[in-house]
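Okay, here's what each chain looks like letter by letter:
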Amino acid sequence: MKIIFRNIVLISVLMVFSLSAYDTVAKSRNEVIAAYIYLLSKNTKWPNEAGMKKFQIVIFEDDNSIANILKKMTQDLKLKNKKIEILNVHSLEQSLVKSAQVVFVSQQYGASLEKIYNEIGTKPILLISENIIDMNYSMVDLYENIKYRINIRINLQNISKHHLKVNDKIILLGGSKVDVSKLYKSSIKTIQEQEKKFEKYQTLNKKLKEELKHQNSKILLLKKDIDAKKKEYSHMLHLIKKKEKYIQEKEKKIIEKEEQLSLLQKDYQELKDRLQEKQIFLEKKIAEVQKAKEDIHKYSIILNNKLKNIDKLDQRIKEQEATIAKAKEQRLVQENQIHKQKLVLLLMGIIALLLLLFMIYFYANKKTLEKLNQDLHLAKDEAEYANRSKSIFLANMSHELRTPLNAILGFSELLLEDSKLSKNYKKTIDIIYNSGNFLLTLINDILDIARIESGKTVIENSFVNIKYIVEDVVSILKSRAEAKELDLKIEYINEIAECIEIDAKKIRQILINHITNAIKYSSSGTIIVKLEMKDKKLYLNIEDEGAGIAQKDLRTIFEPFEQVGDASSDTGSGLGLTISKQFIEAMGGSITVTSELGKGSIFSIIIPYKECKKSEIVVEHRALSLKKVIGATADSQHLKVLIVEDKENNILLLKRVLEVLPFEIEVARNGEDAVKLFQSFHPDLIWMDRRMPKMNGEKATKIIRSLPGGKDVVIIALTASATTDDKKRLEEVGVDAYTVKPYKFQDIYNLIKQFFKIEYIYDDDDDMVLKKESSYSYDRLKEEMALLEDSMLDELYNSAILLNKDDMKAILEKLSIYNRKLYAMVVEVVENLNYMDILKAVDEIRKEREGEKSEDK
Ligand code: ADP
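Got a minute to help me understand the overall build of the chain in this structure?
For the chain, the helix and strand inventory stands at 23 helices and 24 strands. If you take every contact in the chain between residues at least 6 apart in sequence, the share linking residues at least 24 apart comes to 69%. Of the roughly 51,600 Å² that the chain leaves accessible, carbon and sulfur atoms contribute 54%.

Honestly, the side chain of Asn541 in this entry has me stumped. Any pointers?
Along the polypeptide, Asn541 turns up in strand E14 (residues 537-544). A polar side-chain atom of Asn541 sits 3.5 Å from a polar atom in the side chain of Glu543. Of the polar contacts made by the side chain of Asn541, one reaches the side chain of Ser604; its length is 3.4 Å. If we skip the residues at most four places from it in the chain, Asn541 touches Ile528, Val529, Lys530, Ile602, Phe603, Ser604 and Ile605.

Is there a simple way to explain the pairing of strand E6 (residues 126-130) in this structure?
Each regular strand displays side chains that alternate between the two surfaces of the sheet. Burial analysis of E6 places five of its five residues in the buried class, the great majority of the element. The alternating pattern of E6 places Leu126, Ile128 and Glu130 on one face and Leu127 and Ser129 on the opposite face, and all of these are buried. Both strand E5 (residues 102-105) and E6 contribute to a ladder of four bridges, which runs parallel. Bridged to Val105 within E6 is Ser129.

Please clarify how the state of the cysteines should be interpreted in this entry.
By definition, a disulfide links two cysteine residues through a covalent bond between their sulfur atoms. A complete count under the given rule lists one disulfide for this structure. With its sulfur 1.9 Å from that of its partner, Cys499 forms a disulfide with Cys612. Of note, the bridge from Cys499 to Cys612 carries an S-S torsion of about -100° and is left-handed in sense. With Cys499 in the loop between strand E11 (487-492) and strand E12 (500-502) and Cys612 in the loop between strand E17 (610-611) and strand E18 (628-632), this residue pair connects regions lying 113 residues apart in the sequence.

Which parts of the structure should I look at to understand helix H4 (residues 113-120)?
For an α-helix, the turn length of 3.6 residues means that residues three or four places apart are oriented alike. Residues of H4 that are buried: Leu113, Ile116, Tyr117 and Ile120. Viewed along the axis of H4, the buried residues span an arc of 100°, placing them on a single side of the element. Buried residues along H4 sit against strand E2 (55-60), E5, E6 and helix H5 (156-161).

What's the story with the site of the ligand in this structure? I'm lost.
Around the ligand there are 19 residues in total, and Asn517, Asp544, Gln563, Val564 and Leu577 lie nearest to it. At 2.8 Å from an oxygen atom of the ligand is found a side-chain nitrogen or oxygen belonging to Asn517. In this structure, a nitrogen atom belonging to the ligand sits 2.9 Å away from a side-chain N or O atom of Asp544. In the complex, 97% of the free accessible area of the ligand, which totals 530 Å², lies under the protein chains.

How do you make sense of the sheet that holds E2 when you look at a structure like this?
Strand pairs in the sheet, formed through backbone hydrogen bonds, run parallel or antiparallel to each other. Strand order in the open sheet formed by seven strands is E3-E4-E2-E5-E6-E7-E8, with mixed pairing between adjacent strands. The strands lining the two open edges of the sheet, one partner per strand, are strand E3 (78-79) and strand E8 (150-154). Bridge count between E6 and strand E7 (residues 140-144): three bridges; the pairing is parallel. Each residue of the ladder has a partner; that of Ile128, found in E7, is Val140. Its contacts with the sheet place H4 against E2, E5 and E6, and it is angled at close to 175° to E6.

Help me understand the nonpolar core in this model?
Buried together is how nonpolar side chains tend to be arranged in soluble globular proteins. Counting residues in each nonpolar core, the largest one holds 51 residues, and the members touching the most others are Ile507, Leu511, Ile515 and Leu538. Once you skip the residues sitting within four places of it in the chain, Ile507 turns out to touch Ile466, Ile469, Ile502, Leu538, Met587 and Ile607.

It is not clear to me how the packing of helix H13 (residues 648-658) against helix H17 (residues 745-755) should be interpreted in this structure. Could you clarify?
Geometry of a packed helix pair, given as the angle between the helix axes and the separation of the axes. Packing of H13 against H17 leaves a shortest axis separation of 10 Å and a crossing angle of 60°. In terms of axis orientation, H13 runs oblique to H17. Here H13 runs over H17; the crossing is right-handed. In this structure, H13 contributes Leu653, Leu654, Val657 and Leu658 to the contact, and H17 contributes Phe745, Ile748, Tyr749 and Ile752. A breakdown of the residues in the contact of H13 with H17 according to their chemical character gives eight nonpolar, no polar and no charged.

Can you help me understand the side chain of His162 in this one?
Within the secondary structure layout, His162 lies in the loop between H5 and strand E9 (165-166). Exposure remark for His162: the relative accessible area of 1% places this residue in the buried category. In this structure the side chain of His162 is engaged in a polar contact, spanning 2.5 Å, whose partner is the backbone oxygen of Gly121. The residues touching His162, leaving out its near neighbours within four places in the chain, are Tyr117, Ile120, Gly121, Thr122, Lys123, Pro124, Ile125 and Met139.

Quick question: what am I supposed to make of the packing of aromatic side chains here?
One pass over the full model with this rule turns up five aromatic pairs. Ring centres of Trp46 and Phe55 lie 5.1 Å apart, and the angle between their planes is 90°; on these two criteria the pair is classed as edge-to-face. When the centroid spacing of 6.5 Å and the interplanar angle of 80° are considered together, the rings of Phe558 and Phe603 count as edge-to-face. Taken together, the residues span a long stretch of sequence, with Phe558 in the loop between E14 and helix H12 (576-586) and Phe603 in strand E16 (residues 600-608) at a distance of 45 residues. Assigned by exposure class, Phe558 and Phe603 land together as buried. One cation-aromatic arrangement involves Lys467 over Tyr492; the distance from NZ or CZ to the ring centre is 5.0 Å. The positively charged end of Arg846 is found above the aromatic ring belonging to Tyr797, 4.5 Å away from the centroid.

Explain the sheet that holds strand E15 (residues 590-596) to me, please; I cannot follow it from the model alone.
Spatially, E11-E13-E14-E16-E15 is the arrangement adopted by the five strands of the open sheet, whose pairing is mixed. The strands lining the two open edges of the sheet, one partner per strand, are E11 and E15. Within this sheet the neighbouring strands show an average axis-to-axis angle of 15°, counted without direction. Pairing between E11 and strand E13 (residues 526-534): six bridges, direction parallel. Looking across to E13, one finds that Lys489 is bridged to Ile528. Running at roughly 20° to E14, helix H11 (residues 504-520) makes contact with E11, E13, E14, E15 and E16 of the sheet.

Hey, could you run me through the packing of helix H20 (residues 790-800) against helix H21 (residues 805-818) in this one?
Contact pair H20 / H21: the axes reach a minimum separation of 8 Å and the direction vectors enclose 145°. For the pair H20 and H21, the crossing hand works out as left-handed. Contact residues: H20 offers Met792, Glu795, Leu796, Ser799 and Ala800, while H21 offers Asp807, Met808, Ile811, Lys814, Leu815 and Tyr818. Residue composition of the contact of H20 with H21, by class: seven nonpolar, one polar and three charged.

Any chance you could explain the confidence of the model for the chain here in plain terms?
Reading fine detail from the predicted coordinates is not recommended where pLDDT is low. Summing up the model confidence of the chain, the mean pLDDT is 80 and the portion of residues at 70 or higher is 80%. Low confidence marks residues 174-183, where pLDDT is under 50. Its contacts with residues over four positions away, or in another chain, come to 16 contacts. Scored below 50 in pLDDT, residues 765-773 shows 10 contacts in the model against residues more than four places distant or in partner chains.

I tried to follow the pattern of salt bridges on my own but got confused; where do I start?
In a structure, side chains of opposite charge can pair up when their charged atoms sit close to one another. Within the structure shown, the criterion is met by 22 salt bridges. The partner of Asp553 in a salt bridge is Lys552, with the nearest N and O atoms 3.4 Å apart. Given the relative accessible area of 12%, Asp553 is considered buried. Its relative accessible area of 62% is what places Lys552 among the exposed residues. Residue Glu759 is joined to Lys753 by a salt bridge in which the shortest nitrogen-to-oxygen separation is 3.8 Å. Glu759 gets classed as partly exposed once you look at its relative accessible area, which sits at 43%. Through salt bridges that share partners, Lys45, Glu49 and Lys80 make up one connected network.

Cut-offs applied
- Residues numbered from 1 in each chain as written.
- Predicted model: local features only at pLDDT ≥ 70, side-chain atom pairs only at ≥ 80, totals over all residues.
- Heavy atoms only, no water.
- Helix = DSSP H or I, 4+ residues; strand = E, 2+ residues; numbered from the N terminus.
- Contact = heavy atoms within 4.5 Å.
- Areas by Shrake-Rupley, 256 points an atom, 1.4 Å probe, with all protein chains shown as cover.
- Polar contact = N/O pair within 3.5 Å; in protein donor to acceptor, adjacent residues only side chain to side chain.
- Buried < 20%, exposed > 50% of the residue type's maximum accessible area, 1.4 Å probe, protein only.
- Pairing = 2+ DSSP bridges.
- Disulfide = S-S within 2.5 Å.
- Arc of directions from axis to C-beta.
- Near = heavy atom within 4 Å.
- Axes fitted to C-alpha atoms, helices over the stretch in contact; angles between N-to-C directions.
- Core = buried A, V, L, I, M, F, W, Y, C linked by side-chain atoms within 4.5 Å.
- Parallel < 35°, antiparallel > 145°, perpendicular 65-115°, else oblique.
- Left-handed = near helix turned anticlockwise from the far one by under 90°.
- Nonpolar A, V, L, I, M, F, W, Y, C, P; charged D, E, K, R; others polar.
- Phe/Tyr/Trp six-rings, centres within 6.5 Å; stacked < 30°, edge-to-face > 60°.
- Lys NZ or Arg CZ within 6 Å of the ring centre and 35° of its normal.
- pLDDT = per-residue confidence, 0-100.
- Salt bridge = Lys/Arg side-chain N within 4 Å of Asp/Glu carboxyl O.

Have a look at this one:
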């Protein structure tokens, strides 16, 4: 811009001074000359322009005026893209001429022009003269014409001789007809073009700037991206390291486990020894029991004798009473006679005396009777006490034995699965396993007997399909029968009701006892389980074609420890039939047996039952998932749920179970509030507790059902007891379903699914996450377990002692709510079969607690 402006100034100077007279101001003339020098320099082409280091203009002039003007004019300009250097020369001695590009010789030095020209030789130097006549020694001459205008003359020959080229514009300027306006116009045009170009460049520049900005923001984004990637990468690296560490730990654990196994093997040996001791102990105890039995037998004989005595005494008392009655009658007669016959009075006195004597005799007899009764009571108490002590002793002992036995069974099962063990070794372990199993059945049987004898057998009826039970037991025992080439089958004599109310567990045990016996005591033939239903009674026959039982033994086989016939290697404890009979009788049924030696036996069982509807059958739960429900899928129904419950703990528990689901939950603490809330909250589902203050669940359900909309709401009862009567009453008031407390969380989720469209989301990683959260160690396990209440600790112990994953599910579910850390550790225990850790920890905690208690005292 500056340069363009400067050019305009220069051209305007030229214009002004070439068009008008300038002699009035001599200085202006010099300015015109300076402008010409610059323009001529600009429009001439040198052969070595690229090699120039600077652009030098030498001016021969005395007063420096042109040089000064030129300096000022060109101070920010360049020529041939080089800096302009203007040198003023006053004498010819100075030989600066040779290095210059342009030499201007003013009029004052006109005489020296030839000399200067010669000094230049053929060098490419533009020689400009002022006002000379002869053009021989000049290339361009600036002269004044008559109108005092500066004109130029050009000697093209001299110019080309010095290898220079002059632009056509300057050539045009040369000669007398200089048209400066033409030059001006072309300059203006150039300026305009340049301005246009400048504008173009400016917009281009703008565009480029925008593009740059855009690119910059892109770069910024890329940078951010790179940073994120870097972070991700470092995170991955961190994770990989963690994994590596985890693997290392696992490897370490495996080594530890191997060490533990060898320790366990040692323990196993010890346990075996202990078992032997226990067996001896058991034998001793059984002998003691036998003795106690004999004692009881003795006592019962004494008792019988005493009873006989009592009978006799009763007889005598009756006789006495009859006599007294007679005496009374006589007395009446005599009283009547007394009025009539005074004489008889004496006689009557004698009779009264006699009566007195009788009374005394009677009183004495009564005393004896009372004494006898007392003796009898004592004997009975003693007998009962002996029986109770026996039962308690048996129960305790079987529990004591069960603990090590479960360990023996569990670990021998583990060892049997070990592929590394030799065949021989396995055979031995198999024997231990089978013996252990036998011992366990024996203990269980003894316990059952103890329970029966102490009157603790409880009948637990449920709604079942009896066909399923029989088929299930038969399918379990089928392989045992097939191993002895026996044919085991079921026969249905008539139509079998689909739902009956009966104690399924006991029926199962009875069936197992009898079918196992039939298999045990048969070497060939068929075993048939016959099923018939008549008059609300279930007829079960177990028939075999085996060894049979001698007539004389038929009466004793139902006695405990009675084993008859040939002693075979495959006999049991002699308790099976006793238990069966007791169970059957407890259910209000009966059992009979017909048998013939060598031909087979028929055990006939009759048990009464109640009918039920097929829909009431309690289907056994599918294997309970340890997975936690953490929510419901998006398209699941959103429900309004009303919890009706008076106990805070129960409310909290149910809320916890439900709050993972997309439900709106309200709580009513009694039946009255439930009815009110039903009308304002309009729930889709009500969990109804039964026993509550103010109004119970049944009444509240009845009222809600009668209200508008009350028929549509799903009401599920939560009840602590579920006798048949309870269930009936719940049905009558219009409950849709019920579940028994303490419920499993899965029950709640399953019930909701029965009535509503809902899909659960399970936490697959839950166990993993938890495992990570709480790495396992015995000390940590014990520490967490020590926080449990006694009852929970007992439950954990009783579940763990069974060494079975399924038996741990109930307690695990509870722990998952009460103590997540402990839950995770117990899951690990179950997975790694570390049950002994739990048992050990419970033992230690119990001891510590007992210690604390006694200290408190
Ligand atoms: P065990 O455990 O010895 O089988 P049980 O109480 O079950 O004890 O049976 C008592 C005895 O009755 C048996 O020892 C056996 O002699 C006899 N017994 C039971 N069932 C049968 C049968 N189906 N055939 C022959 N004998 C039987």
